[in-house]
Amino acid sequence: MCVALAASTAFSVVACGGKSQESNNGGGSDAKKPASSENILKQLEGKEYDEQSDIVYNAVLGEYSAAYDEAKKITDNNDERFVKMAIAEAKLLESGVLLPLEGSGGGYRVTRIAPHSAPDIAWGLEADKAYQWLAIDGKGFVKPADVDEMRKKWNEMRGTGKYRDWQIKYMKDKGYKFKDEVSMLYSSEPKTWDCLGTSLQADTDAILNTIDPLVGYDVESQMVGKLAESWEESDDHLTYTFHLRKGLKWYDNQQREVGDVTADDFVAGMQHMLDVKGGLESLVADVIKNAKGYTNGDVVDFAEVGVKAVDDYTLEYTLEKPTPYFMSMLGYSVFLPMNREFYESKGGKFGQEYDNSAKDYKYGKSPDDIAYCGAFVIKSYTSKNSIIYEANKGYWDKKNQTVKKLNWKYTDGSDPTKMYKDATSGVVDSCAISQELIPVTKKDGNFDKYVSISQVTGTTFVGFYNLNRQSYVNFNDGKGLPSPKSDDDKTRTKAALLNNHFRNALNFSVDRTVYRAQRYGDDLAATALKNLYTGWNLVYTENEITANIGGKDVTFEAGTPYSKLVQAQLDADGFPVKVYDEKAENGAGSGEGYDGWYNVDNAKKELEAAIKELAAQGVDVDEKNPIYIDYPTASAPAYFKNQAMAYKQSVENALDKKVIVNVVETAVIDDWYYCGYYAEKGSDTNYDIYTFSGWGPDYGDPQTFLDTLLPAGNGYSTKSLGIF
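The following paragraphs examine the structure supplied in this document. It should be emphasised that the depicted structure is a prediction, and the values quoted were computed from it without experimental measurement.

Read from one edge of the open sheet, four strands run E9-E10-E14-E13, paired in antiparallel fashion. Every other strand in the sheet has two partners, leaving strand E9 (228-233) and strand E13 (307-311) as the edge strands with one partner each. Across the sheet, the mean angle separating the axes of adjacent strands is 20 degrees when strand polarity is ignored. Pairing geometry for strand E10 (residues 239-244) and strand E14 (residues 314-318), over five bridges, is antiparallel.

With that out of the way, let us pick up unusual backbone geometry. Excluding glycine, most residues fall at negative phi; most peptide bonds, likewise, are trans. Of note, the bond from alanine 636 into proline 637 is cis; its omega dihedral lies within 30 degrees of zero at 0 degrees. Along the chain, proline 637 falls in the loop between strand E23 (627-634) and helix H21 (638-654). Phi angles above zero are rare outside glycine, and glutamate 585 is one such case at about 55 degrees. Inspection of the secondary structure assignment puts glutamate 585 in the loop between helix H19 (562-573) and helix H20 (600-616). Overall, glutamate 585 belongs to the exposed group, its relative accessible area being 56%. Although it is not a glycine, lysine 657 adopts a positive phi angle of roughly 60 degrees. Turning to its location among the elements, lysine 657 is positioned in the loop between H21 and strand E24 (659-666). A residue is classified by how much of its surface remains accessible, and lysine 657, at 39% relative accessible area, is partly exposed.

Okay, the packing of helix H4 (residues 78-95) against helix H17 (residues 500-509) next. It is at 8 Å that the axes of H4 and H17 come closest, and there the two elements cross at 90 degrees. On the basis of the axis angle, H4 is roughly perpendicular to H17. Contact with H4, carried on its side by Leu93, Glu94 and Ser95, involves Asn500, Arg503 and Asn504 of H17 and no other residues of that element. Split by residue class, the contact of H4 with H17 holds one nonpolar, three polar and two charged.

Before going further, it helps to examine the pattern of salt bridges. One side chain can pair with another of opposite charge once the charged atoms of both are near each other. A complete count under the given rule lists 32 salt bridges for this structure. One salt bridge connects aspartate 264 with arginine 340, and the closest N-O pair in it is separated by 2.8 Å. Here the residue aspartate 264 occupies a position in helix H8 (residues 264-276), and arginine 340 occupies one in helix H12 (residues 340-345), the gap between them amounting to 76 residues. Accessibility expressed as a relative area gives 17% for arginine 340, which makes it buried. Taking the shortest distance from any N to any O, the salt bridge between aspartate 369 and lysine 346 comes out at 3.0 Å. Remark: lysine 346 occurs in the loop between H12 and strand E15 (376-382) and aspartate 369 occurs in the loop between H12 and E15; sequence separation between them is 23 residues.

The volume enclosed by the second largest pocket comes to roughly 1,300 Å³. For the second largest pocket, the lining is made up of 48 residues, of which Ser199, Lys277, Gly278, Gly279 and Glu281 are closest to its centre. Listing elements by their share of the lining of the second largest pocket, those giving two or more residues are helix H9 (281-284), helix H10 (291-296) and helix H22 (669-677).

Along helix H16 (residues 487-497), the positions that sit buried rather than exposed are Asp489, Lys490, Arg492, Thr493, Ala495, Ala496 and Leu497. If you follow the buried residues of H16, they end up packed against helix H2 (37-44), strand E20 (460-465), H17, H20 and E23.

Further remarks concern the packing of H2 against helix H3 (residues 49-72). Contact geometry for H2 and H3: axes closest at 9 Å, N-to-C directions at 160 degrees. Considering the angle they form, H2 stands roughly antiparallel to H3. Every pair of crossing elements has a handedness; the one defined by H2 and H3 is right-handed. Where H2 approaches H3, its residues Ile40, Gln43 and Leu44 are matched on the opposing element by Gln52, Ile55, Val56, Ala59 and Val60. Taken together, the residues of the contact of H2 with H3 break down into six nonpolar, two polar and no charged.

Here the focus is the packing of aromatic side chains. Each aromatic ring pair is characterised by the separation of its centres together with the angle its planes make. Tallied over the full model, the rule gives 45 aromatic pairs. Aromatic pair tyrosine 343 and tyrosine 361: ring centres 6.2 Å apart, planes at 80 degrees, arrangement edge-to-face. One end of the pair, tyrosine 343, is in helix H12; the other, tyrosine 361, is in the loop between H12 and E15, and 18 residues separate them in sequence. Of the two residues examined, tyrosine 343 and tyrosine 361, each falls in the buried class. Relative to phenylalanine 705, the ring of tyrosine 533 lies with its centre 5.3 Å away and its plane at 75 degrees, an arrangement referred to as edge-to-face. Taken as a pair, tyrosine 533 in the loop between helix H18 (512-520) and strand E21 (545-549) and phenylalanine 705 in helix H23 (residues 703-706) lie far apart in primary sequence, 172 residues in all. For phenylalanine 705, a relative accessible area of 0% corresponds to the buried category. What links up through ring pairs into an aromatic cluster is the set Phe475, Tyr639, Phe640, Trp672, Tyr673, Tyr674, Tyr677, Tyr678, Tyr687, Tyr690 and Phe692. The ring of phenylalanine 447 carries lysine 442 above its face, with NZ or CZ at 5.0 Å from the centroid. The side chain of arginine 516 reaches across the aromatic face of tyrosine 520, ending 3.8 Å from its centre.

This part covers the pairing of E10. In this sheet, E10 lies alongside E9 in antiparallel orientation, the contact comprising five bridges. Across the sheet, glutamate 232 pairs through a bridge with threonine 241, a residue of E10.

Another aspect to go through is H4. Spanning 18 residues, H4 covers 26 Å between terminal C-alpha atoms, matching the ideal 26 Å at 1.5 Å per step. With respect to burial, H4 is a largely interior element, 16 of its 18 residues being buried. N-cap assignment for H4: the residue whose side-chain oxygen lies 3.1 Å from the backbone N of aspartate 79 is asparagine 77. Where H4 ends, the next residue or the one after it, glycine 96, has phi of about 75 degrees, a positive value.

Core analysis: the biggest nonpolar cluster contains 104 residues, and Tyr64, Phe502, Leu506, Val566 and Tyr647 have the highest contact counts within it. Here phenylalanine 502 is in contact with Ala496, Leu497, Leu607, Ala610, Ile627, Ile629 and Val659, once residues within four sequence places are set aside. Membership of the second largest hydrophobic core comes to 81 residues, among which are Trp193, Leu214, Leu315 and Tyr325.

This part covers a negative patch on the surface. Judged by side-chain charge, Glu48, Asp50, Glu51 and Asp54 come together as a negatively charged surface patch. In this structure, glutamate 51 sits in helix H3.

Here the focus is the environment of histidine 272. Secondary-structure assignment places histidine 272 in helix H8. With relative accessibility at 0%, the residue histidine 272 sits in the buried group. Linking histidine 272 and threonine 192, residues 80 residues apart in sequence, is a C-alpha distance of 14 Å.

Moving on, we come to the sheet that holds strand E18 (residues 430-432). Adjacent strands of a sheet pair through backbone hydrogen bonds, lying either parallel or antiparallel. Strand order in this open sheet of three strands is E18-E3-E19, and the pairing throughout is antiparallel. Of all strands in the sheet, those with a lone pairing partner are E18 and strand E19 (452-453), marking the two edges. Where strand E3 (residues 108-111) and E18 come together, three bridges link them in antiparallel fashion. When the sheet's bridge partners are listed, threonine 111 is paired in E18 with serine 430.

What follows is about the side chain of lysine 72. The residue lysine 72 is located in helix H3 in this model. One buried charged residue, lysine 72, remains without a salt bridge, the closest side chain of opposite sign being aspartate 707 at 4.0 Å. Ignoring anything within four residues of it in the chain, the contact list for lysine 72 reads Arg81, Met85, Lys321, Gln703, Asp707 and Leu710.

Here is what the cut-offs are and how they apply
- Residues numbered from 1 in each chain as written.
- Predicted model: local features only at pLDDT ≥ 70, side-chain atom pairs only at ≥ 80, totals over all residues.
- Heavy atoms only, no water.
- Pairing = 2+ DSSP bridges.
- Helix = DSSP H or I, 4+ residues; strand = E, 2+ residues; numbered from the N terminus.
- Axes fitted to C-alpha atoms, helices over the stretch in contact; angles between N-to-C directions.
- Buried < 20%, exposed > 50% of the residue type's maximum accessible area, 1.4 Å probe, protein only.
- Parallel < 35°, antiparallel > 145°, perpendicular 65-115°, else oblique.
- Contact = heavy atoms within 4.5 Å.
- Nonpolar A, V, L, I, M, F, W, Y, C, P; charged D, E, K, R; others polar.
- Salt bridge = Lys/Arg side-chain N within 4 Å of Asp/Glu carboxyl O.
- 1 Å grid on protein atoms, 1.4 Å probe; cavity = no way out; pocket = protein on both sides within 12 Å on 5 of 7 lines; lining within 4 Å.
- Points joined across faces, edges and corners; volume = space filled by probe spheres on them.
- Left-handed = near helix turned anticlockwise from the far one by under 90°.
- Phe/Tyr/Trp six-rings, centres within 6.5 Å; stacked < 30°, edge-to-face > 60°.
- Lys NZ or Arg CZ within 6 Å of the ring centre and 35° of its normal.
- Expected span 1.5 Å × (residues − 1).
- Polar contact = N/O pair within 3.5 Å; in protein donor to acceptor, adjacent residues only side chain to side chain.
- Core = buried A, V, L, I, M, F, W, Y, C linked by side-chain atoms within 4.5 Å.
- Patch = residues over 30% accessible without salt bridge, like charges linked within 9 Å, V, L, I, M, F, W, Y side chains within 5 Å.
- Areas by Shrake-Rupley, 256 points an atom, 1.4 Å probe, with all protein chains shown as cover.
- Lys, Arg positive; Asp, Glu negative; His and termini not counted.
- Charge placed at Lys NZ, Arg CZ, Asp CG, Glu CD.

Structural data, given as structure tokens:
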């Protein structure tokens, strides 16, 4: 789901214990001590930035990378694959380069949108599509008791094909009346309207309702055909053939036909995506035959890439190797189609001739410059004001389309009270209820009557540490969010953040429950806390499996969630973090909803180990000589700054003021975007820790998260670590 934006859910309906890490790497691999920051710094001297990035990555994430390489080799046994992925994730967490914070959702909200009236699927784009929403009319909202009942019934009826009819009848019996126009808030302007040329959720969110994939999911989260009506998989699992629906059309945003939807549209879409190199190409690099070769220039003829239009309505993909999760990838933007003739009419070219800076290149520059084959077209767009969507008259599934008009209304989020007033007056149909709004909703009687808790999604927001910081002011303007640190402070911070013990000291020192409470209140403070990068239950073992964990055979029963596999390796390594709790959810077990990281004793032990190692390289750390950490934030909405202050207080108290957090704030939320979220390279990132972004799954396999930390600039999130 692209790189996620931490603010999205605010405005819309998104060697531990003092020991070095010398534990067994799982499967009998040799483990090694993390490289000392002194050795890393010496290697960096006189090197260019990209070479420095390689040095930092290998020193800090080398153990993770080696374990992950082993996991990706396994394509014929999902259970073995998931265990190996879990071992790699354990090594990632132990490296301390990031701190899992929270998921999207799990907060109070009022909404006129019925639950489970869109697919409840953790990956891809289908869960955010609005065309089948059941929206209620009037100024009231869906009542929390009805939300609970519909969620309960969905769990019971999932896969039967009967839930939708039950839901409609249930809501009518409860007195709800439906409407076909929905108004929502959005907070981040799209930078492009080219869905194949971006990896930012802020862009994709604005486009996803306008284009359909080959396959997707229904409201019971079962895979169904979308633009494809049927498909086959070869016996060797290397070839997938899709048969498209006939008679489908492309339209412009004035609802004029611009062409037929054909198999060639998917060939053109794939080539354009690889030409643009907008951050999506890594998803298919090792999946589609010769996709990597085409991207790096080893393959010049796109006909050699494994996507082929057999005829107008037959599409064939050829894979590099069996890919168990391939079908689950098809609902994401990387596999979306693009009408070749329309693209070329907007100045678009392919291959070595591609040049989006050409004077006649207009594709994706505005909603007028894209073609549509989804449920909606964009009727109008005014920057930082509104995006208006209307139903596509030629949509193939219009008989099931319940929403005929979507109104997106811009907010910068600075006034939550206005957002709530707009929701209660009917101007918009959903609003998050932050901590500061709880008293307001209780006073007007809406809290008990209408406030429900949104579901936690598969997205994980994290705190990224900048391991090789180059910028101390925003790259876009050279003045935004300047660091208050002296040159000496900058040097000392870099040495500290390259120390594994120091990073883990920070991670153990953050009371994430208090941090989250600033936004969601004490009652929901732990609801969406995440404890690992990948979703804790993204995958489950299919069969019983016995695996080598830390040099010992460990047996996992069928149906074991992913985070329990990770926990086994963490336990074997003696790393005191709880990413799976058997007792959570009334004994059902869970990997979220509690803080498995915060431990002041462990934080102090790790800091003392770091201080000893740093002193040996001439960096003294104590109360009079603290390490300064820059934490950028926006001052509005107030809960962003409150979270930053909670982080500061927690870290400084746990680490006895030997670490001081500089809260660097701005009243301009775009400044916050530009210090990290909009940065194209790690050298542009302007922070020591950044909590404003995360990652959502693109498909149903742990690789969708772990690939974001690939070496050599191939991992999207490595730039958030200040490298590549």
